[in-house]
Amino acid sequence: MTRLSRILLIAFALIFAAQANAQQPAAPDWQPQLHFSAPPNWINDPNGPIFLNGQYHLFFQLNPFGDQWGHMSWGHAVSADLLQWKVLPVALREENGVAIFSGSTVEDRDNTSGLCAPAGQKSPGCMVAIYTGNSQEKQTQNIAYSTDAGTTWTKFAGNPVIDLGLKAFRDPKVFWHAASSSWVMVVALPNDHKVRFYRSANLRQWQAAGEFGPSGAVAGEWECPDLFELPVRDYNGNYQENRWVLSVNVSAGGPNGGSADQYFVGMFDGSRFNLDHPDSGTHWADWGKDFYASTSFSNLAPDHDRLWIAWMDNWQYAAKLPSLPGRGEMTVPRALSLRQPPTHPAPTPGQEPLALVQKPVLSVAAHQKYRAMFGAPQYQTIEEANARLAKGKAPGRVFELRFELDPGEAAEAGLRLRRSSNEPNERALEETIVGIDTEKGQIFVDRTRSGKTDWSPEFPARMTAPMRHSQAQTTRFDIVVDENSVEVFAEDGETVLSSLIFPSAGSTGVDFYMTPVPPGSEPARVRDFEVFPLGK
Ligand code: FRU
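Keep in mind that this is a model prediction, so the values were computed, not measured. (Residues numbered from 1 in each chain as written. Predicted model: local features only at pLDDT ≥ 70, side-chain atom pairs only at ≥ 80, totals over all residues. Heavy atoms only, no water.)

> Any chance you could explain the nonpolar core here in plain terms?
Most often, soluble globular proteins have nonpolar side chains that are buried together. In this structure, Phe403, Phe477, Ile479 and Phe512 are the most contacted members of the largest nonpolar core, which totals 51 residues. No fewer than three residues from each of domain 1 (42-339) and domain 2 (371-533) sit in this core. Phe512 has contacts with Ile382, Ala385, Asn386, Leu389, Leu401, Phe403, Gly414, Leu415, Val526 and Phe529, leaving out every residue within four places of it along the chain. Counting residues in hydrophobic clusters, the runner-up holds 26 residues, among them Trp42, Leu58, Phe101 and Ile309. (Core = buried A, V, L, I, M, F, W, Y, C linked by side-chain atoms within 4.5 Å. Buried < 20%, exposed > 50% of the residue type's maximum accessible area, 1.4 Å probe, protein only. Domains from an automatic or database assignment. Contact = heavy atoms within 4.5 Å.)

In structure tokens, the structure reads:
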């Protein structure tokens, strides 16, 4: 080919490519602004989140080569505020047919492992990762260490550190148990619906201790356990005591279908976990369909709230998710505590007396940057509240909204968001509904008409959660809305529903609603509502 014909060929190719591009319809913008994702790749479970030297580190299940599950490795990202994340090079890669499955990290300050520094020397800032090595034959527990804040890693030459020859044995979470001066690992035996506790002085040699399970939900495999102590507060926020929470993710059989996270409340003595109320049924951390593989940050200051984060997705349909591009994202991080019921010590019959309370941490970080658009401390009717909403600046596609809702005698009342219409009285083709069903005593998120829903039969759903305080008149809501998700913290953080949605970019209507009440009965009322526009 002559030089001229080569130039012409390239010019034609460029013109053709530009035209093809111009004909492409604009891609809907579902790339989250408040939530961690790693386009164009696939991600699932968060792994080993840790606070170290003033930064939050997040590792995560990553396919470095594509947007479907495979070649599992640990991706790595850092953040100063839990809101803006910077993706860094892959931390731990699949090697010799051994994939890096989920696990945790700790700071081995005292060089207990002997891997971080010469013997006898301390090693502040040294990270040790404890992860499952997954091969065709088996799953084993392994360690790796990093002395440069997670940038480069060395796999321990003596791996695996626990090898039972089992095909299903995974997701080690390790923490320092101060009361017994020992490292403790909680790890899942997925098909037995059990977790096992191991103890170690040096992160290399592990002794089996107690086991817990089967208990609660056992329809799916048990995965990604976590174990931590939380403060218990009474209804006025006063500290009472500490209890332990054992969180166990279950791959199927969740409250609204698919994978979900259950928790147990009790005491842990370093070897055994004793459940406070063995017959109290299953307790779901999150009733939405998109909360899985939760794991808490390690190494936060002892007086800091415990924070956890989860994969905002469901194994039922994760592989089919519309591309962002890329697939998978995390929930907002949440601060955790336990709360007594108002009538403590008498529990509501059949219910765990202590409620796991979750608050989006985003609000702490973001609200320093964004001011409330308007607030309304007095009770207002739905119409008044909507008039007020319409008068303010539109919250856009990404926002947080807090309010207290008294459903009155309405059968149903709540908030409709990401609507394709801005007119409260108009039926919208697209909307996501968050509300209280007073007849059933439920909080719900209805995404059956939330936008693009046809990509999986498991996706369109009305997700429901039983109210913990159905007798209460009012319910506090904190709702976080991003480009493609809604996280609802109802009953002041006791009842949580996390849900992906795929609305059109133009659907930004938001309003309160109630089903009609007969004349003379109490209408729904809204109070103390604040809107925080958080989008770019
Ligand atoms: C949970 C899980 C873990 C496993 C990882 C593999 O979502 O199945 O049990 O370690 O994903 O990616």
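> When you look at the sheet that holds strand 10 (residues 182-189) in this model, what are you seeing that I'm missing?
Backbone-to-backbone hydrogen bonds join strands into a sheet, with any given pair of strands oriented parallel or antiparallel. Pairing is antiparallel across the open sheet formed by four strands, whose spatial order is 9-10-11-12. Each edge of the open sheet carries a strand with a single partner, namely strand 9 (170-177) and strand 12 (207-212). Looking at each pair of strands side by side, their axes are set apart by 25° on average, direction ignored. Relative to strand 12, strand 11 (residues 194-200) is paired through four bridges, and the arrangement is antiparallel. (Pairing = 2+ DSSP bridges. Helix = DSSP H or I, 4+ residues; strand = E, 2+ residues; numbered from the N terminus. Axes fitted to C-alpha atoms, helices over the stretch in contact; angles between N-to-C directions.)

> Got a minute to help me understand unusual backbone geometry in this structure?
Backbone phi values are negative for most residues with the exception of glycine, while trans is the configuration of most peptide bonds. Note the cis peptide between Asn159 and Pro160, where omega equals -5°. Residue Pro214 follows Gly213 across a cis peptide bond; omega there is -5°. Inspection of the secondary structure puts Pro214 in the loop between strand 12 and strand 13 (222-233). Phi at Asn111 takes a positive value of approximately 55°, unusual for a residue other than glycine. In this fold, Asn111 is placed in the loop between strand 5 (99-107) and strand 6 (127-134). For Asn111, a relative accessible area of 7% puts it in the buried group. Backbone geometry places Ala293, a non-glycine residue, at a positive phi of 60°. With respect to the helices, strands and loops of the structure, Ala293 is situated in strand 17 (residues 292-296). Residue Ala293 is classed as buried on the basis of its relative accessible area of 0%.

> How should I be thinking about the state of the cysteines in this particular structure?
Enumeration according to the criterion identifies one disulfide in this entry. The disulfide partner of Cys116 is Cys126, and the S-S distance across this bridge is 1.9 Å. Across the S-S bond linking Cys116 and Cys126, the dihedral sits near -65°, which makes this disulfide left-handed. In this pair, Cys116 sits in the loop between strand 5 and strand 6 while Cys126 sits in the loop between strand 5 and strand 6, placing the two residues ten residues apart along the sequence. A single burial state applies to Cys116 and to Cys126, both of which are buried. (Disulfide = S-S within 2.5 Å.)

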